[in-house]
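Single-letter residue listing:
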Amino acid sequence: GEHGGKQNHWLHLTFTGLKDAELIGALVELIAAGKKQYRWIHSNHSYKSGGSLDAHFGLGKATSADLAVTLLNGKAKSFTEIAADKAHTLSME
């Protein structure tokens, strides 16, 4: 758009290797270009409905990011150098 939106980068993340109930409540921490962002995985997006258990991040000018995913049971997994402008499916196994 007019304000440079087409020049910015993004990530879309989905997760495998877990039951949906195990993924709900997970914290996804992202670091890109020295800046941190957080997303909580949840299914309740509006009244009487559920949503997909994924995460979407805007990265600005960064072309890759590092991630840490922490489940409610304390299990954590890290991912490094995740390429921007793609939908990634990450295994939590």
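Just so it is clear, the structure is predicted and the values come from calculations on it, not from any experiment.

Q: I would appreciate a short explanation of unusual backbone geometry in the present structure.
A: Excluding glycine, a negative phi dihedral is what most residues carry, and trans is how most peptide bonds are arranged. The backbone phi angle of glutamate 81 is positive, close to 50°, even though this residue is not glycine. Looking at where glutamate 81 falls in the secondary structure, it is placed in strand 6 (residues 76-83). Using a relative accessible area of 59% as the deciding quantity, one classes glutamate 81 as exposed. Phi angles above zero are rare outside glycine, and aspartate 85 is one such case at about 65°. By the secondary structure assignment, aspartate 85 is in the loop between strand 6 and strand 7 (86-91). Among the residues examined, aspartate 85 registers a relative accessible area of 34% and is labelled partly exposed.

Cut-offs used in this document
- Residues numbered from 1 in each chain as written.
- Predicted model: local features only at pLDDT ≥ 70, side-chain atom pairs only at ≥ 80, totals over all residues.
- Heavy atoms only, no water.
- Helix = DSSP H or I, 4+ residues; strand = E, 2+ residues; numbered from the N terminus.
- Buried < 20%, exposed > 50% of the residue type's maximum accessible area, 1.4 Å probe, protein only.

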